[in-house]
Amino acid sequence: MEQLEVYEQRFLQVRRNIEEAAKRAGRRPEEITLLPVTKTQPIDVLEKAYRLGMRIAGENHVQEIVEKKQHFGDRVHFHMIGHLQRNKVRQVLDKVELIHSMDSLRLARDIDRIGGELGLCPRILIEVNVAGEESKYGISVEELPDMLEQLSSLAHLRVEGLMTIAPFVENPEENRPVFRTLRQLFIDNKSNPFHNIEMNVLSMGMTNDYQVAIEEGATLVRIGTALFGARQYTTA
Ligand SMILES: *Cc1c(COP(=O)(O)O)cnc(C)c1O
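The notes below deal with the structure included here. (Residues numbered from 1 in each chain as written. Predicted model: local features only at pLDDT ≥ 70, side-chain atom pairs only at ≥ 80, totals over all residues. Heavy atoms only, no water.)

**A closer look at the overall build of the chain**
Each helix and strand counted, the chain has 9 helices and 8 strands in total. The C-alpha atoms of the chain give 17 Å as radius of gyration, which agrees with the globular expectation for 236 residues (18 Å, within 12%). Based on the C-alpha atoms only, the size of the chain along its principal axes is roughly 55 × 40 × 35 Å. Taking the intrachain contacts of the chain between residues at least 6 apart in sequence as the baseline, contacts between residues at least 24 apart amount to 60%. As displayed, the chain offers around 11600 Å² of accessible surface, 47% of which is attributable to carbon and sulfur atoms. For the chain, the distance from the average position of its 30 positive side-chain charges to the average position of its 35 negative side-chain charges is 3 Å. (Helix = DSSP H or I, 4+ residues; strand = E, 2+ residues; numbered from the N terminus. Rg over C-alpha atoms; globule rule 2.2 N^0.38 Å. Contact = heavy atoms within 4.5 Å. Areas by Shrake-Rupley, 256 points an atom, 1.4 Å probe, with all protein chains shown as cover. Lys, Arg positive; Asp, Glu negative; His and termini not counted. Charge placed at Lys NZ, Arg CZ, Asp CG, Glu CD.)

**Notes on helix 2 (residues 43-51)**
Regarding helix 2, the residues found buried are Val45, Leu46, Ala49 and Tyr50. The buried residues of helix 2 occupy an angular sector of 145° when projected down its axis, which confines them to one face. On its buried face, helix 2 is in contact with helix 1 (3-24), strand 2 (56-59), helix 3 (62-72), strand 3 (77-80) and helix 9 (225-228). The first or second residue beyond helix 2 is glycine 53, which carries a positive phi of 105°. (Buried < 20%, exposed > 50% of the residue type's maximum accessible area, 1.4 Å probe, protein only. Arc of directions from axis to C-beta.)

**Considering the site of the ligand**
Surrounding the ligand, one finds Val37, Lys39, Ile81, Ile165, Met206, Thr207, Arg222, Ile223, Gly224, Thr225 and Arg231. Glycine 224 places a main-chain nitrogen or oxygen 2.8 Å from an oxygen atom of the ligand. About the coverage of the ligand: the protein hides 91% of its 390 Å² of free accessible area. Counted by class, the shell around the ligand contains 5 nonpolar, 3 polar and 3 charged residues. (Near = heavy atom within 4 Å. Polar contact = N/O pair within 3.5 Å; in protein donor to acceptor, adjacent residues only side chain to side chain. Nonpolar A, V, L, I, M, F, W, Y, C, P; charged D, E, K, R; others polar.)

**Focus: the pairing of strand 7 (residues 197-203)**
Within strand 7, 5 of the 7 residues are buried, leaving the element largely enclosed by the surrounding structure. Taken together, the 4 bridges between strand 6 (residues 158-163) and strand 7 define a ladder with parallel strand orientation. Across the sheet, residue glycine 161 finds its bridge partner in strand 7, namely valine 201. Taking the sense of rotation as the criterion, the β-α-β connection linking strand 6, helix 7 (residues 176-188) and strand 7 turns out right-handed. (Pairing = 2+ DSSP bridges. Right-handed = clockwise from strand over helix to strand, strands pointing away.)

**Concerning a negative patch on the surface**
Taken together, Glu142, Glu143, Asp146 and Glu149 make up a surface patch of like negative charges. Structurally, glutamate 149 is set in helix 6 (residues 144-151). (Patch = residues over 30% accessible without salt bridge, like charges linked within 9 Å, V, L, I, M, F, W, Y side chains within 5 Å. Salt bridge = Lys/Arg side-chain N within 4 Å of Asp/Glu carboxyl O.)

**A closer look at the pairing of strand 5 (residues 123-127)**
Taking burial as the measure, the 5 residues of strand 5 include 4 buried ones, the bulk of the element. Taken together, the 2 bridges between strand 4 (residues 96-102) and strand 5 define a ladder with parallel strand orientation. By the bridge assignment, methionine 102 is partnered in strand 5 with isoleucine 126. Regarding topology, helix 5 (residues 105-117) serves as the crossover connection from strand 4 to the parallel strand 5, and that connection is right-handed. Note: strand 5 against strand 6, 5 bridges, orientation parallel. Each residue of the ladder has a partner; that of arginine 123, found in strand 6, is arginine 158.

Right, here's the structure in full:
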């Protein structure tokens, strides 16, 4: 099979799985956004995905976003899904439509300030480390109320929802309580008094566990391996 056909089959399969998971949960498939994760994939792979209808893509390194944005311009809208270093904010802010990985107040303040300087209203999700894993970024569940209050005073920032990276597990069912917890936080904070904070996007679920995440209410799933195969990491 041609590589393009391989990707086409995988996109079809993932979309079918999304549809079925949505139906199992009594949800409409259109409520769920598929964010293909293209990190480490070369431009020609993204071009193939573009031909198959991909218009948004998740990346986790600023340098890669800069390069890919330069190539694609407005044809593809990039989402920053990896930990964002504060000294890279200025470089990336006008090249992404959503930052999923807002994981500290200091970072949020930088995004807000630099967004203001550049005349932008950066859209962010708050990354919550639901499972409390040492190795992961994100604020704790307990920190969320205070974080929302602090973010509400930032004039340029727009909070669009929540994101989590669930633990790596053999059986995706093990992550169901993690997704359920984030969904409950999402619901609980939907009606809040803050003009710049909305709960529209619930970003959870990856290749291993997106069907469970959808059953538990995800509105956006971030999928790399199931679409593009195993990532090729270069030792750079
Ligand atoms: C790499 C990555 C993904 C995609 O992971 P797969 O298991 O390949 O689907 C999703 N979210 C984040 C934050 C990632 O870094």
